[in-house]
Structures are given as structure tokens and as C-alpha cells.
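Now for the letters of each chain:
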Amino acid sequence: MTRNFTVKVPATSANLACGFDCLGASWDGIDLSLSVSHKPYPATQGSQPVISYTGEGAGEVPLDPYKNLTTRVCIYVLRCHDIIEFPDDLVIKVHNEIPFGRGLGSSGAAVVAGVLLADALADLHLSPSRQLDFALMVERHPDNVAAALIGGFVGSYLKTLPQGALDPSSVPMSEVLPEYPPDASKDWGKKPPVPPQEIGHWLRYGWAEQIKALVVIPQFELSTAKARGCLPAQYDRSDVVFNLQRLAVLTTALSLSPPDPELIWEAMQDKLHQPYRSELIPGLPEITKTLTPKSHPGLLGICLSGAGPTILALHTHNHEGIAQGILDIFERNGVKCRMEVKSISMTGSTQVKGINYTQYRDETQLPSIMELIDSELSEPYINMTYRYFVHTWPELTFLAYDETKAVGVVVCKQERHKSGLMRGYIAMLSVRTDYRKQGIATRLVQLALEAMISGGAEEIVLETEVDNSTSISFYKRLGFMSEKRLYRFYMNGKDAFRLCLPVVESEDAYT
Ligand SMILES: Nc1ncnc2c1ncn2[C@@H]1O[C@H](COP(=O)(O)OP(=O)(O)OP(=O)(O)O)[C@@H](O)[C@H]1O
Ligand SMILES: N[C@@H](CCO)C(=O)O
């Protein structure tokens, strides 16, 4: 059976001015997404994962699973659980909307995605706290990764670990995520350092629903490493106190409704990182000092997003006016930008298990098939009828599973009709009522059609009750046409329509 699932991780803004290395917020509608399919463990083929990648960073990101950040984190987490290889037939389709090196947490998102990928592939059932431990072994400040994992407006700190515990910051990154040599075999880097428990603690704050984020993204990249490189090793006590006082106010100020612009603007001042980063971001001091709630009504506070160069302007309204103010300053400094308005994402990262489809395997599936169909159809069938179909044409019965629960089935047969044509026949189709409208019936019928056509079917037919308009329009959408009316076809005396799909030469004519 092939399993499939998706992983989605939102973009984040770390710091929010005074909360250097401890505050973060995640944004809706700007995500890193993985769409994954694989065979369940144990792995037997030693096959390499196939990665494809679209969106931000396409063409730049390595697609070799031992070089790509997300899959390297994934194999790191798997190996910490004594699973040394990727599962068989692993296909990962990445779509990334988070631009690199702009202070929107792209690397944190890639790391979190790797942790969630490993978790889902091997059914590790890691708690959010344990997921954060693994992420913090790789991305060593908690602000982006905590906000990306948990979602919302999040405060976090790194715990002081007991003496003797592994200190993540002292483990060289090359030991956590080794650079795999080209000839790395599956035994290479097998025993990585396992993170201590509960490296990071976090708390989600309230966020007033009126507050939106205007995100102004300059065209140039600034790596976090470079933006940290210009920070001093030590600070004046007065600067630290300046930030702490603002931090004490900001976390609650952003939760109050209606938001107080004067309070928030002043609380979003900073002396610990932005002044030092000004040399790397032309126009930054002017943007953070001259745009105020008085000059630009609707503005609440303005700062660097993470390590920059993106500017984050929290506001309640007037995003066009505020954006123009920022764009004018950037333009005078020769910086080109694009902008987006975002809402806070309260969901954080998600792993959504998909429905898995499988061909009929053996009699143990018969009770599920019978239950699904008996609960659905007006026509009662006896055991022998089911056995006749699934034993004669096992390759033409398909089931849909949510984890181990069967939620849909299609049962078909195929034989030569007296007209001389090879005729496929859809005998039964059923999807649990609570799983409808997810495309499960369509996928089941498509699988059956593919199997019948590859088995030589020249036409495919079925019957449906004349007053079952849902069923009739479902099959018509798949290309079926009404062929004839069959009078008193069902035992309840109802008429049926026979629907027919002529198989034309193009194999995808039915899709
Ligand atoms: N989806 C991804 N897949 C693989 N590698 C990625 C992905 N996203 C980011 N990276 C790697 O992370 C680098 C960017 O990391 P960096 O920490 O400099 O910036 P950022 O995470 O966008 O900013 P910040 O941490 O300040 O918010 C990229 O150049 C790339 O090497
Ligand atoms: N707090 C970090 C952001 C990236 O995690 C910094 O400003 O360098």
C-alpha cells in the first residue's frame, strides 16, 4: 500500500523588534508545503527518495536527499530513532512560498518540515515539545521554529540543561547534520547525537484580531549568519533594560483590543539588533523612526522581520499608505521591494494524513467491503455475490483507507459481452458518508477505469437508479453517457439507467 500525507509549515517573523531571539509570529498563506507518498516501513529496496521542488529557491535548492536541508533533517531524526534509511518509494513534492534569506524563517521552516516529515514517515508520534528539541539541534535560536511549529504569536527560551546533559549549542553542526560524501552508504552517519529532552519552552500569547502584518520584502538576500555577524558580543546595561522594558509591555499590548498604536509603536523599539543591522539594510533607521502612527494612521509598529532585510509593519488599516511610506524610503536608497498583507496563522505547522488506496488483497478485507456496500445500497447482496466478484477479478476491486479504517470501495468485473466488445462493469461503489466530498469516489473509479482499460476494456458500463441524480451526474462528469433505461431493474421495482463509457484511443479520455 502507498501512504500519502502533506506537511505545511508557515513563514514566520522572529524578534518583533524588542524580542530579540525570543519572540516570533507565524503568517497565514505563505507556506512551505510537502506532498509525500511512500511505502510503509520496513524499507527493503534501499531506493533513493525522489524530490521535486517548485516556488522560491527552485533551481537553487539541492534535490539530493543527503544534501537537501529538509531531507537531511529528516534522516537525522530517523537515525536518532534507529531507522537508518528512508522508506521505499519515497516521493516528496515540495512547494515553497517563503523567500530565502529575507528574515521570513525559510531555513526554520525547512528544518521543521524535516522533523515533521520523519515523524509522519515512521509514525514516531513525537510531541510538539520533542519536535522542537529536534528542530533546535539544527536551528539554534527558538524564535522562528517555535512560532512555525506552534503557530500564532509565541515567546520562547532555551532551557538551561542539567550539568552533564548534551549542550546542543556545543555540538558541532557537522555532527548533527553531517555533509554526506558522495559515496555515503546507508551505514554512514548512523548514530547522530540525540537531543536532550525539552530544550526549548514556549508560550503562545494573545493577538488582537484587528492586527495585520504588512510584509515588505526587499529583492536582495541577507543570510542570518551575516546579519548576526555584525552584532556585538556584549551590550550596555541601559540598552538591555531598554529592550526588557518594551518586551514587558509588547506581549500584552498586541493582545489588547482595540490595539493602542502609541503604546505598541514605542514598545516596538529596539537597541539590541536593529541599530547594528542598519549598515546591511539601506534605509532601515529612517523607516523605523519616521513612520509613526501620527504620520501614517493605522500603523501600530514597525521593525525588521527576523534578521531582515524584510520590514514588518503591524497595522489595523491603511496598508497602502504605510507601504508607500516604506517603498519611498527604500526607493531613495536604491532598494526594490514587493509587499504582501498577512494575518496571523493560528494553526502553525500541520501534518495531514491522506487517504491511501489499495487493490483488493485477501479475504480479511471482505467484512469491510460488505459493511461499506450494505450500508449504502438498496440492493441486498449475499456473501457469494461479493466472493464471485473479488475472487474472479481481485485486480478490479480497490479500497480507500484512512489509516487502518476502510472508507470507500469500488468492485468491478470484466468479460467479453455478446456484442463482441470487452466490457468492464462497475458493480458496486460506496464511500462512507463522513468521507464524502473529498474526491475519494472519483479516485476509486479512476483506479478501476485504469485497471479495466489496461486489461483491454473497450467499453465500461454500470447501472444506477433513475432517480439517483447525484450518482448520474457523478458518472457523467467522468465521461459516462446514458445508454438505455432498464424497466423494473431493481428488486424494489425501480427503473435503472445503464451508463456507458466508450473507451476511445486516448487513455486519458475519461479523466
Ligand atoms: N525549503 C528549503 N529547502 C532547502 N533549503 C532551504 C529551504 N529554505 C531555506 N533553505 C536554506 O536556508 C537558507 C536561508 O537561511 P537563512 O537563515 O539565511 O534565512 P531565513 O531563514 O530566510 O531568514 P531568518 O532566519 O532570518 O528568518 C537558504 O539559502 C537555503 O540554503
Ligand atoms: N532572532 C534571529 C532570527 C533568526 O532566527 C536573529 O535576529 O538573528
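Computed from a predicted structure; not experimentally measured.

Caption draft 1: Quick look at the site of ligand 2. Neighbouring residues of ligand 2: Ala-14, Asn-15, Phe-20, Asp-21, His-141, Asp-143, Asn-144, Thr-224, Arg-228 and Arg-277. Arg-228 has a polar side-chain atom sitting 2.5 Å from an oxygen atom of ligand 2. For ligand 2, whose accessible area on its own is 260 Å², the fraction buried by protein is 98%. Sorting the residues of the shell around ligand 2 by element identifies helix H4 (142-150) and helix H6 (224-229) as the ones contributing at least two each. Residues belonging to the shell around ligand 2 are distributed by class as follows: two nonpolar, four polar and four charged.

Caption draft 2: Representation of the sheet that holds strand S7 (residues 212-218). Strands sit in the order S8-S9-S7-S10 across an open sheet of four strands; the sheet is antiparallel. Edge positions in the sheet fall to strand S8 (299-304) and strand S10 (337-342), since each has one partner strand and no second. Ignoring which end each strand starts from, the neighbouring axes of this sheet average 20° apart. Sheet analysis places S7 next to S10, joined by six bridges and oriented antiparallel. Bridge pairing links Val-216 to Met-339 in S10. In this fold helix H11 (residues 319-332) packs onto S7, S8, strand S9 (311-315) and S10, with an angle of close to 25° to the strand it touches most, S7.

Caption draft 3: Structural context of the sheet that holds strand S13 (residues 397-402). Spatial strand order, S12-S13-S14-S15-S16-S18-S17: seven strands in an open sheet with mixed pairing. The sheet terminates laterally at strand S12 (356-359) and strand S17 (481-486), the two strands that pair on one side only. Averaged over all neighbouring strand pairs, the angle between strand axes comes to 25°, with direction disregarded. Looking at chain direction, S17 and strand S18 (residues 496-502) are connected through five bridges and run antiparallel. Looking at the pairing, Lys-484 lines up with Arg-498 of S18. With respect to the sheet, helix H12 (residues 366-374) is in contact with S13, strand S14 (405-416) and strand S15 (422-431), its orientation differing from that of S14 by roughly 90°. Along the sheet, helix H15 (residues 469-477) contacts S15, strand S16 (459-465), S17 and S18; its crossing angle with S16, the most-contacted strand, is approximately 165°.

Rules of the game
Residues numbered from 1 in each chain as written. Chains lettered and ligands numbered in written order. Predicted model: local features only at pLDDT ≥ 70, side-chain atom pairs only at ≥ 80, totals over all residues. Heavy atoms only, no water. Near = heavy atom within 4 Å. Polar contact = N/O pair within 3.5 Å; in protein donor to acceptor, adjacent residues only side chain to side chain. Areas by Shrake-Rupley, 256 points an atom, 1.4 Å probe, with all protein chains shown as cover. Helix = DSSP H or I, 4+ residues; strand = E, 2+ residues; numbered from the N terminus. Nonpolar A, V, L, I, M, F, W, Y, C, P; charged D, E, K, R; others polar. Pairing = 2+ DSSP bridges. Axes fitted to C-alpha atoms, helices over the stretch in contact; angles between N-to-C directions. Contact = heavy atoms within 4.5 Å.

By themselves, these figures tell us nothing about what the structure is for.
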